2 protein chains.
Amino acid sequence: MTTDTNHQITLAARPRGAPKSSDFRLIETAIPAPGDGEVVVRSIYLSLDPYMRGRMNEAKSYAAPVGIGEVMEGGVVGQVIASKNHRFSQGDIVFGYLGWQEYALSNGKGLRKLDASQAPVSTALGILGMPGMTAYTGLSNIGRPKEGETLVVAAASGAVGSTVGQIGKIRGCRVVGIAGGAEKCDLVVRELGFDACVDHHDNAFAQNLKQACPDGIDIYWENVGGEVFEAVLPLFNFFARMPVCGLIAHYNATSLPEGPNRVPLLMRSVLTNRLHIQGFIVWDYASQQAEFETAMSGWIKDGKVKYREDFVDGLENAPEAFIGLLEGRNFGKLVIKTSADPTI
Amino acid sequence: MTTDTNHQITLAARPRGAPKSSDFRLIETAIPAPGDGEVVVRSIYLSLDPYMRGRMNEAKSYAAPVGIGEVMEGGVVGQVIASKNHRFSQGDIVFGYLGWQEYALSNGKGLRKLDASQAPVSTALGILGMPGMTAYTGLSNIGRPKEGETLVVAAASGAVGSTVGQIGKIRGCRVVGIAGGAEKCDLVVRELGFDACVDHHDNAFAQNLKQACPDGIDIYWENVGGEVFEAVLPLFNFFARMPVCGLIAHYNATSLPEGPNRVPLLMRSVLTNRLHIQGFIVWDYASQQAEFETAMSGWIKDGKVKYREDFVDGLENAPEAFIGLLEGRNFGKLVIKTSADPTI
C-alpha cells in the first residue's frame, strides 16, 4: 500500500461477541494537507492493544467509543511529512494517537517528538510507551510489591504482563506468570526470568497455580478475569492487592456466565483477607511519566528488563492481528508495520 | 440470674444457615477465683455484633472460630470484683473481650480501665468502642470522603452504619442511608441527620436509591452485600471507594445465589470506573485508637454525633437478641444488660 492515496481502517459495525473482519472497513481517501498549525504524519508503526475492544462498544466507559464509520483509535509512531506547526519540522519522528491509518492530520495536540538515538522508536508503543507505563504505575501505586512477596501476573506473555513480572523480580518478589500454552510459559520463564509460569489451557491449571504459589498470593495483576481469576481467588493472602488492568476474557462476552452467582465468594475474600482491589487506567498516573521513563530506560540499559515485539506487516492486516490479540495469539507487544520502510 | 453461680452461654452447635436457639447453651458454672496476676470481672454489659456469626463457623477467617462447648466471644463492660493483678483494683470498671458470661477470669491482657465520669460506660461497646472506631477508621482510611461527594451507607441504622453516616455529614458529604423498613429510614433521617434513607424492603428499592443519588455514588460503605450491593453497583462514579466492613446478607447463606454469575459485571465496574474496593478489620488500624477517641468524644460533646443503644435485659436473652440482630430487628448498638444493676 504505497500509493498516493491514504488508507484508513474504520469501524464498520459494532461487534457482537468476538470482532470479525467485517466489523472493520479498509477505505481509500486523499492524503490530507496541513492547514495553519497542523502537521501531516505518515504512520510507521501502529500499536494494537486490548483496550481497543472497549472502544468498539457503545457502553459507557472511561473513554468515548469510536463512532461507526470513524477511523479506529490507536497509538502511532510516524514521521512528519508536512508541517505548518512551529513545534514540528518535516522529518520529525513523533508519537500520537493518530489511529489506524497511513497518513494522519494533527493539530499537534498530544503529539510528542521521539529521539531515535535513544531507543528504537517502536518502543514508544510498548516498553517505553503506554503498556510499559501501565505496568510500572499500576504495580507501584496499587500492587506495592515488597521483597519476598508472591506476585502472580495474568497474560504474562503480553506487553503489559511481561513488564509487570520483570519489575516484580526487580522488586524482589517471587513472580508467577499465567499464560496460554506451554510454549508461551516456557518463554516467560526462560526469556523474561519469571520464577514459574502456569498454562491456563491445562486441565490442572488451578492445581498447578496453587503448587506454583506455596506461600499464597500477595499481589495478583488482573489482565484477564474469568476462569483465571477463579483459580487465583482461593489463594489470596491477608492484605493482598489486585490491580485491575484488563479483563480480556470478558471483552467478547455477549452474556454473563452461568450461575451460581459467585459475587459472595469474591466479597467474602475481600472482607476476611482484607483484599484491596482497584481498577486503573494509565492516564490516572500521567504525572509519573518522567519517573517511569527514567526507571524503565535504566532497566533496559542494564539488561534488567527485556521486551519482545510481535511485528505484523501492513495496515490491511491490522483487523486480523487484532482479532488474534484478543484470542491470545501474540507474544509480546503487537505492532503493525504500517510503512514499507520502517527502518527508523 | 443473680445467684452465686456463674452463667455462661456456650456454642452448642455450628449453625447451618441462620443460628437457632439450640445452637447456644446456657450453663451454670462456679464463679471463678483469681490466681496470681488474675482478676475476676462481673459483667455489666455484653456487646452483640454481626461479626460473631463468623466466629460460629469453622471456615478460615481473620480470627479463630469459637470451639464447640466454648463460651461465645464478645466484648464486655464489667466491674472487677476480685484482683490479684497490680494493674487492677476491686471496683474498677473495665472493658475486655470476656465473652457471653456473667463472671470472667482474666489475666489482665487486653483489659482496659474505663472512666465512668467521661461517658456512660456502655459506650465503650458502641460509639466509643469497636463499632465507632470501625466507622471512623474505615471511612478515613478507605472511604476518604471529600466535601460534596455522595456517601451511601448500608445498614444505616446499625451501630457502625449510623456512625459512618454522621461522620460523612461532618466531612461535608451528601449522605444516603439504606435500612430495612420505613420506620428505621425515618429515624435515620430525622434523628441522625442523613440527607436521605432508602428502604431496601421496598419493591422499588433500586429505583429509589438511584433517585436519592442524582450525582451517583462516590463512596459506598458495605455492611450488607446481596441485593443491596446489586442496586449500588450501577451507580458508582469514577474513582469511587468501597470500604467492605461486613456482609450481613451473606452470613447465614448455605449456598451461593442462583446465576448468572455476576462477577464480570462487578469487575467491569472496577475497571472502567477505577473502583477501589477494600476489606478491613478495625484492628488493622489499632494505631489510630487515640486519634479516634479524641475525635469522637469531641463530636459527641458538640452534638455532632448521636448514638442509640438498644438494650436487652438478661444474659439468657442474648441468643434470641443475636438472632434478631442478623435479621435486622435492632436500631443502634445492641447491648445485653447482663447485670441486674447496670447503673454505673
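In case you missed it, the structure is sitting above this.
Scope of this entry: the structure provided in the associated data block. (Residues numbered from 1 in each chain as written. Chains lettered and ligands numbered in written order. Predicted model: local features only at pLDDT ≥ 70, side-chain atom pairs only at ≥ 80, totals over all residues.)

1. As for the relation of the copies chain B and chain A
Part 1: Superposing chain B onto chain A takes a rotation of 180° combined with a translation of 0.0 Å along the rotation axis, leaving an RMSD of 0.0 Å. The two molecules are tied by a two-fold rotation axis, judged by turn and shift. For chain B, the minimum C-alpha distance to the rotation axis belongs to Gly259(B) and amounts to 1.6 Å.
Part 2: Both copies share a contact surface, since 100% of the interface residues of chain B are interface residues in chain A too. (Least-squares fit on C-alpha atoms with pLDDT ≥ 70 in both. Contact = placed C-beta atoms within 7 Å.)

2. Quick look at the interface of chain B and chain A
Part 1: Listed per partner, the contact involves 33 residues of chain B and 33 residues of chain A.
Part 2: At 10 residues, the largest contribution of residues to the side of chain B that touches chain A is made by helix 7 (residues 263–273) of chain B.
Part 3: Note that strand 13 (residues 276–279) of chain A and strand 13 (residues 276–279) of chain B share 3 bridges and pair antiparallel. The residue bridging His276(A) from the neighbouring strand is Gln278(B), located in strand 13 of chain B. (Helix = DSSP H or I, 4+ residues; strand = E, 2+ residues; numbered from the N terminus. Pairing = 2+ DSSP bridges.)

3. Quick word on the sheet that holds strand 8 (residues 150–153) of chain B
Part 1: Across the sheet, which stays open at both edges, the 12 strands sit in the order 10(A)-9(A)-8(A)-11(A)-12(A)-13(A)-13(B)-12(B)-11(B)-8(B)-9(B)-10(B) with mixed pairing between neighbours. Both edges of this open sheet fall to strand 10 (196–199) of chain A together with strand 10 (196–199) of chain B, since each of them pairs with a single strand only. Strand after strand, the sheet turns through a mean of 15° between neighbouring axes, direction not considered.
Part 2: Pairing geometry for strand 8 of chain B and strand 11 (residues 217–221) of chain B, over 3 bridges, is parallel. From the neighbouring strand, Val153(B) faces strand 11 of chain B, where its bridge partner is Trp221(B).
Part 3: Lying over the sheet, helix 4 (residues 182–190) of chain A contacts strand 9 (174–179) and strand 10 of chain A, oriented at roughly 170° with respect to strand 10 of chain A.
Part 4: Sitting on the sheet, helix 5 (residues 205–212) of chain B is in contact with strand 9 (174–179) and strand 10 of chain B, with an inclination near 170° to strand 10 of chain B. (Axes fitted to C-alpha atoms, helices over the stretch in contact; angles between N-to-C directions.)

4. Some words on unusual backbone geometry
Part 1: The amide bond that connects Gly259(A) to the next residue, Pro260(A), takes the cis arrangement and shows omega of 5°.
Part 2: With respect to the element layout, Pro260(A) can be found in the loop between strand 12 (236–244) and helix 7 (263–273).
Part 3: We note that Ala155(B) has phi near 50°; this positive angle belongs to a residue other than glycine.
Part 4: Position of Ala155(B) among the secondary structure elements: in the loop between strand 8 and helix 3 (159–170).

Don't take any of this as a statement about function, it's just geometry.
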